[in-house]
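Structure at a glance
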Amino acid sequence: QVQLVESGGGLVQAGGSLRLSCAASGSIFSAITMGWYRQAPGKQRELVATKTSGGSTNYADSVKGRFTISRDNAKNTVYLQMDSLKPDDTAVYYCNAWAIATTTGAPGTYWGQGTQVTVSS
């Protein structure tokens with residue numbers, strides 16, 4: 001089983017910064033893609049940013065230029081640096097990994113429990 005544990009959420013004023021971290025552990029062989037999604041109240045979960053083990057990144061248009069995703073492949077950890085935060089960024093942020101588990105030998109999708117980010121105006 002693969003576990004994802006997030007940290008770093010909280011309350012911040014508009015214009016401020018937060019850094020989220022997510023560490024994958026358990027029976028993980030390779031984390032092919034790791035990233036972040038978010039879900040605001042009454043809305044669907046949406047992609048924020050992803051990064052492959054090879055370094056390719058993908059960002060939602062709404063966060064380009066403000067958020068930066070990074071990874072430590074050796075530690076199976078992904079980070080999200082969030083700058084110039086806006087009230088519209090308020091949501092529960094979920095860590096996501098598309099990874100190969102040693103127990104199955106096949107890729108699967110895994111989710112963290114979520115961390116709340118609240119941006120006050």
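Anyway, here's the lowdown on the structure attached to this text. If you're wondering where the values come from, they're calculated on a predicted model, not measured in any experiment.

1. A few points about the side chain of Thr 33
Counting through the fold element by element, Thr 33 comes out in strand β4 (residues 28-39). We classify Thr 33 as buried; its relative accessible area is 17%. Excluding anything up to four places from it in sequence, Thr 33 contacts Thr 50, Lys 51, Thr 52, Arg 71, Asn 96, Ala 97 and Trp 98.

2. Some words on the environment of Ser 62
Looking at where Ser 62 falls in the secondary structure, it is placed in the loop between β6 (57-59) and β7 (67-72). Sequence separation between Ser 62 and Thr 77 is 15 residues; the distance between their C-alpha atoms is 24 Å. Engagement of the side chain of Ser 62 in a polar contact is seen with the side chain of Arg 38, the distance being 3.4 Å.

3. Focus: the sheet that holds strand β3 (residues 18-26)
Sheets are built from strands paired through backbone hydrogen bonds, the pairs being either parallel or antiparallel. The antiparallel open sheet is built from four strands, whose spatial order is β1-β3-β8-β7. The open sheet has two edge strands, β1 (2-7) and β7, and neither has a second partner. Between one strand axis and the next, the sheet turns by 15 degrees as a mean value, whatever way the strands run.

4. Brief notes about unusual backbone geometry
The residue Asn 76 is not glycine, and still its phi comes out positive at about 50 degrees. Tracing the backbone through its elements, the reader meets Asn 76 in the loop between β7 and β8 (77-82). Relative accessible area serves as the criterion here: at 15%, Asn 76 is assigned to the buried category.

5. Details of the nonpolar core
Grouped together as the largest cluster of nonpolar side chains are 32 residues, with contacts concentrated most on Leu 4, Trp 36, Val 48, Phe 67, Leu 80, Met 82 and Tyr 93. Those elements that place two or more of their residues in this core are β1, β3, β4, β5 (46-52), β7, β8, β9 (91-101) and β11 (115-120). Here this core gets six residues from one element, more than from any other, and that element is β9. If sequence neighbours within four positions are ignored, Met 82 has contacts with Gly 16, Ser 17, Leu 18, Leu 20, Arg 66, Phe 67, Tyr 93 and Val 117.

6. Section: the packing of aromatic side chains
Aromatic ring pairs are reported here in terms of the distance separating the ring centres and the angle at which the planes meet. Overall, the coordinates contain one aromatic pair when judged by the stated rule. Ring centres of Tyr 37 and Trp 111 lie 5.2 Å apart, and the angle between their planes is 70 degrees; this geometry places the pair in the edge-to-face category. Linking Tyr 37 in strand β4 with Trp 111 in strand β10 (residues 107-111), this pair joins segments that are 74 residues apart in sequence. Taking NZ or CZ as reference, Arg 45 lies 3.7 Å from the ring centre of Tyr 94, over its face. If you follow Arg 45 out to its NZ or CZ, it ends over the ring of Trp 111, 4.6 Å from the centre.

Parameters at a glance
- Residues numbered from 1 in each chain as written.
- Predicted model: local features only at pLDDT ≥ 70, side-chain atom pairs only at ≥ 80, totals over all residues.
- Heavy atoms only, no water.
- Helix = DSSP H or I, 4+ residues; strand = E, 2+ residues; numbered from the N terminus.
- Buried < 20%, exposed > 50% of the residue type's maximum accessible area, 1.4 Å probe, protein only.
- Contact = heavy atoms within 4.5 Å.
- Polar contact = N/O pair within 3.5 Å; in protein donor to acceptor, adjacent residues only side chain to side chain.
- Pairing = 2+ DSSP bridges.
- Axes fitted to C-alpha atoms, helices over the stretch in contact; angles between N-to-C directions.
- Core = buried A, V, L, I, M, F, W, Y, C linked by side-chain atoms within 4.5 Å.
- Phe/Tyr/Trp six-rings, centres within 6.5 Å; stacked < 30°, edge-to-face > 60°.
- Lys NZ or Arg CZ within 6 Å of the ring centre and 35° of its normal.

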